[in-house]
Number of protein chains: 2
Amino acid sequence: MPEQPELTVQGWGPGTSRVATVTASEGAPEGQLELTRDPELPLPKAARRHLARELGWQPRSTPPVAVGEIRLAPSRLPAEVHEALVALLGEEHVRTDREARLRRAGGKSYLDLLRRREGDASDAPDAVALPGSTAETAALLALCAEHGVVVVPFGGGTSVVGGLSGIDPDDRPSLAVDLARMASVTSVDVASSLVTVGPGMRGPAFEEALGARGLAFGHLPQSWEYATLGGYAATRSAGQSSTGVGRFDELVAGLTLATPSGVLELGSPPASAAGPDLLGLALGSEGALGIVTELRLRVRPAPRTRRYEGWSFRTWADGLAGLQRLARHDLLPDVVRLSDPEETRANLLNAGGAGARLLRGALRARGRADGCLLVAGWEGLPHVVRARRRAAVTVLREHGAARVGRRVGESWRAHRFAAPYLRDSLLDAGLLVETLETAATWTALPAVYDAVRTALRSSLGRPGRQPLLMTHVSHGYATGASLYVTVLADRDDALPLQQWLGAKRAATEALLAAGGTLTHHHAVGADHRPWLEREVGPLGVEVLRAVKQRLDPQGICNPGVLLPD
Amino acid sequence: MPEQPELTVQGWGPGTSRVATVTASEGAPEGQLELTRDPELPLPKAARRHLARELGWQPRSTPPVAVGEIRLAPSRLPAEVHEALVALLGEEHVRTDREARLRRAGGKSYLDLLRRREGDASDAPDAVALPGSTAETAALLALCAEHGVVVVPFGGGTSVVGGLSGIDPDDRPSLAVDLARMASVTSVDVASSLVTVGPGMRGPAFEEALGARGLAFGHLPQSWEYATLGGYAATRSAGQSSTGVGRFDELVAGLTLATPSGVLELGSPPASAAGPDLLGLALGSEGALGIVTELRLRVRPAPRTRRYEGWSFRTWADGLAGLQRLARHDLLPDVVRLSDPEETRANLLNAGGAGARLLRGALRARGRADGCLLVAGWEGLPHVVRARRRAAVTVLREHGAARVGRRVGESWRAHRFAAPYLRDSLLDAGLLVETLETAATWTALPAVYDAVRTALRSSLGRPGRQPLLMTHVSHGYATGASLYVTVLADRDDALPLQQWLGAKRAATEALLAAGGTLTHHHAVGADHRPWLEREVGPLGVEVLRAVKQRLDPQGICNPGVLLPD
């Protein structure tokens, strides 16, 4: 198959959003409220036609409320707490103004966006504090514990599971703790591949600092431009290269967790047998046990070569079997992204340019019009990449995969952070747009895939209207893989929240029953709390409560997430 | 350098022992007390001369007390508990006879062996129970919690850190829970590389069961012939191939932990972001939180090829630098074992046959008589092994390493479980023989190495007598590596316990101060408890106490290990 020019392959996931008006810009929380960048990627005509036909949807205009009209209640932060915080952090690092509060209101889930679009900022904190050190953070937590003020850590504001909801059963005043001032590399140990860094640092700045020393980190979730390293730790994030470089939790050699009961210094690189793993308790704790104030991360030499390319499998089953076999023999590429037939079709329609037309034609000619596209990427030392790729290609061909060229892979790489910017246009035009994800063993994966799709179709379908469900595998392991589902549907403008809550509930029940995990990389947040007990059992929840009780006896640490009521 | 014939390269570590008279033989707890196999490896004359010269030691005869003369107090198990256990498990699975109790008395540390050699079995349990299922184990724990009976899980009895000490501050009766009846593979999921297995299964039987299906596990600590899978989980074991296949804790996809408060089912393969990692709390819990009753382990295809070989570095610093560079670029072989000059010299002296003489001569001729031997091993698919080895060899040569042939590697592989059998002969002849281990970042490793050696020399040295300290790196990571030190010294026959306790204390303080971890793969046990707070901090210990309080409120679960008094 020929190499293709001018092709744009991308997904539709969330993570960023234009309604991110209310996102703090790094290091400048005092700046103007601005729209985050909007590259104005209009949908190609073919994609619009495809969506209208598939969904039974008529484009309509449902714009969000203007920023100036968002409703915000007055701050309830007690004056004595305000004064004590000012004494601790300095006046400029304690904010109660409208702008500061709106910028830290909620995250980027569909539910968050719906609320915000309607002008509801009831999830905004009463105040914002910006500590500059572990000691200041610990003192702040002790102060808030004493006065009964809820504390919600704020990194990039990109949670898609209600991680910033600030929900508190006792409705106490809440403080967003923005970590933007703790955002630099504080030490680099090249020989040990370890770098110490503040939790407020973002991916692009981190990679830039490392690149100057010939190093790289390689954690690239779709929220990469905004999300922070502390947030990755708190949510057990996975990135687009995690199959190769490891999940974020695997890259944390140590961290500092400030809690209302004191400071924990966790992790003994390279490894330890000194009892249970407390570092693993802090990872994924979502601010409910305390605030991550420093991270010690494993880095690696900057890759000397990269190779990204596209492959086409005849069927989803063939694709899964091929990946499974690669995984079993430890031959998975660093990046693997296998789209199901629906996502493949949608991505090809969404792709612009003559190249996309050529590719569509070539796939049709080979009887692969309904096949599954795989983006595979290798990075590292040239001779190692060559050997690994050669071994993987043998397996891919044995499973009937055909190469569709490097242009497809490079195009995906070039546009991999762009897709979420589409989301606001789709919301404006009357669509429901959300994603969900899970992971399962290779054996359970096909059943989980079927169960989730059936549940979503049944919940969201109505006569003449069907959701579009686009699924991909993007993280492979020896024992299984992730599934990521993007859902588009005609929005129920009367009851939009209920429409999604019903679909989400159905999908979650279905994936758990089929053997999937509650979440592979989005975390529990507020949205998944009702099912945590299904994941770890009632006694597991009790163990987490015991840990929280010891570290946060007043329950001020992000009480709206993780643990069920 | 020519390939060498007839060469035996081995270490001196513990793990098994002839004074393991008192080791339960698998599946036959009712059998006769037997000596475990003793391959009768006498020390070559050169090695004896070397030891006498280095240590200032004169071989003498200090035989252990005969098994029949070991002192054992009457069982204190309350009659009502005995009756209830019989009702639960059946008469044949509740034992209070001398043989059953002696077989589960203590582990294989130098301190354990000294006590046992003197005829002291005060660490023997009052009774032994053999549950056959998770439900029976959970019921047993609830029963013991109700009646205040301490429970110590028993797998292979190979702890070298006092993990089976049974110490209880309240001196309650104690029950050894032998897991030998839960020792089979219960399910195999080849596609997902997952196998479910009972905790009492031993390595050889597990590999045999897997081999029949073309699978392998590859966890090979020196205690492999006796230790159990449940014990590996409880202690965060590492094996000789862990650099390649991963530490045991990395191979556990899930487990069942029976506790006095109920049963935990932990782990969501392949990965999950559903909150803190509870599986990581159960791993390394050493029986102090409950008993592992089932494991779900990640297996792999049986390797199609193996290549083991020896390399010689001019200096320890060169060797460490070479391994560090390999680690940084993810090029470490699956097995790496780099001996320091003292261990290299001792191993070559200890090696028998003409091959050893030839090798010694060849190294001398190349000016490498005082160099460091590296055993490197690769396993897997032939073309992948070839490519990985080729890349590694380039790095090794850049660091001045010279190849000393496959015979050295194969000899090490052939004899790798033999060394501990030497230990009893050395003890009989009046020696102190013990090991200790740690890990540190590549940057801290040289300082940790120096600090431990200085502390041991200073503690154990006397005029005319010096300990022999043989050190190797055997587990490499991107961020650092392990250090394993074998200590031989002339035993102080008047105060042998105090002699070692002083040396151990000095070495532990030194390695912690220099940045090493308390233990890389032997666990905390009774011996390392005083330093756990140094490893995880006072608040870290409090978190572990909170978890234990929730799961084991009566504190019956192995109270003598892990947590300090």
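Residues numbered from 1 in each chain as written. Chains lettered and ligands numbered in written order. Predicted model: local features only at pLDDT ≥ 70, side-chain atom pairs only at ≥ 80, totals over all residues. Heavy atoms only, no water.

**Some details on the UniProt feature "active site" (unreviewed entry) in chain A**
When the UniProt feature table is mapped to this numbering, "active site" (unreviewed entry) covers Tyr484 of chain A. The topology assignment puts tyrosine 484 of chain A in strand β18 (residues 480-490). (UniProt positions renumbered as here; feature names shortened; annotations may be inferred. Helix = DSSP H or I, 4+ residues; strand = E, 2+ residues; numbered from the N terminus.)

**A closer look at the sheet that holds strand β3 (residues 150-154) of chain B**
All names here are of chain B. Strand order in the open sheet made by the four strands is β1-β2-β4-β3, with mixed pairing throughout. If you trace the sheet from one side to the other, it starts and ends with β1 (94-95) and β3, each paired once. Bridging between β3 and strand β4 (residues 174-178) involves five bridges; their strand directions are parallel. Note on β4: the bridge partner recorded for proline 153 is valine 177. (Pairing = 2+ DSSP bridges.)

**What about the pattern of salt bridges?**
In this structure the tally under the stated criterion is 65 salt bridges over all chains. Measuring nitrogen to oxygen at the nearest pair gives 3.6 Å for the salt bridge that ties aspartate 171 of chain B to arginine 76 of chain B. Taken together, the residues span a long stretch of sequence, with aspartate 171 of chain B in the loop between β3 and β4 and arginine 76 of chain B in the loop between α1 (45-55) and α2 (79-89) at a distance of 95 residues. Since its relative accessible area comes to 38%, arginine 76 of chain B is described here as partly exposed. Each member of the salt-bridge network shares a partner with another, and the members are Arg60, Arg465, Asp490, Arg491 and Asp493 of chain A. (Salt bridge = Lys/Arg side-chain N within 4 Å of Asp/Glu carboxyl O. Buried < 20%, exposed > 50% of the residue type's maximum accessible area, 1.4 Å probe, protein only.)

**Some thoughts on unusual backbone geometry**
Residue and element names in this part refer to chain A. Omega for the peptide link from proline 269 to proline 270 comes to 10°, which places this bond in the cis form. Take proline 270: it is sitting in the loop between β9 (262-266) and α10 (279-282). Positive phi outside glycine occurs at aspartate 171, with the angle close to 50°. The backbone of glutamate 286 sits at a positive phi, close to 55°, despite the residue not being glycine. You can see glutamate 286 is positioned in the loop between α10 and β10 (291-298).

**Concerning the layout of surface pockets**
Residue and element names in this part refer to chain B. Each pocket or cavity is described by its volume, and for the second largest pocket that value is around 760 Å³. Forming the walls of the second largest pocket are 41 residues, and the residues nearest its centre are Arg115, Asp123, Ser165, Gly166 and Ile167. Put simply, the parts of the chain that give the lining of the second largest pocket at least two residues each are α4 (110-117), β16 (431-441) and α17 (496-513). If one sorts the elements of the lining of the second largest pocket by residue count, α17 sits on top with five residues. Class assignment of the residues belonging to the lining of the second largest pocket gives a composition of 17 nonpolar, nine polar and 15 charged. (1 Å grid on protein atoms, 1.4 Å probe; cavity = no way out; pocket = protein on both sides within 12 Å on 5 of 7 lines; lining within 4 Å. Points joined across faces, edges and corners; volume = space filled by probe spheres on them. Nonpolar A, V, L, I, M, F, W, Y, C, P; charged D, E, K, R; others polar.)

**Examining the interface of chain A and chain B**
Taken together, the contact between chain A and chain B spans 77 residues of the former and 77 residues of the latter. Interface area for chain A against chain B, summed over the two sides, is near 5800 Å², with a carbon-plus-sulfur share of 66%. Connecting chain A to chain B are two salt bridges. Close ionic contact of arginine 550 of chain A with glutamate 542 of chain B constitutes a salt bridge, the shortest N to O distance being 3.8 Å. Seen at the junction of chain A and chain B, the total is 23 residue pairs in polar contact (both at pLDDT 80 or more). Looking at the side of chain A that touches chain B, the elements that each hand over two or more residues are β9, α10, β10, α11 (316-328), α14 (382-398), β16 (431-441), β18 and α19 (532-551) of chain A. Of all the elements, α19 of chain A adds the most residues to the side of chain A that touches chain B, at 12 residues. Counted by class, the side of chain A that touches chain B contains 39 nonpolar, 25 polar and 13 charged residues. (Contact = heavy atoms within 4.5 Å. Buried area = accessible area lost by both parts, 1.4 Å probe. Polar contact = N/O pair within 3.5 Å; in protein donor to acceptor, adjacent residues only side chain to side chain.)

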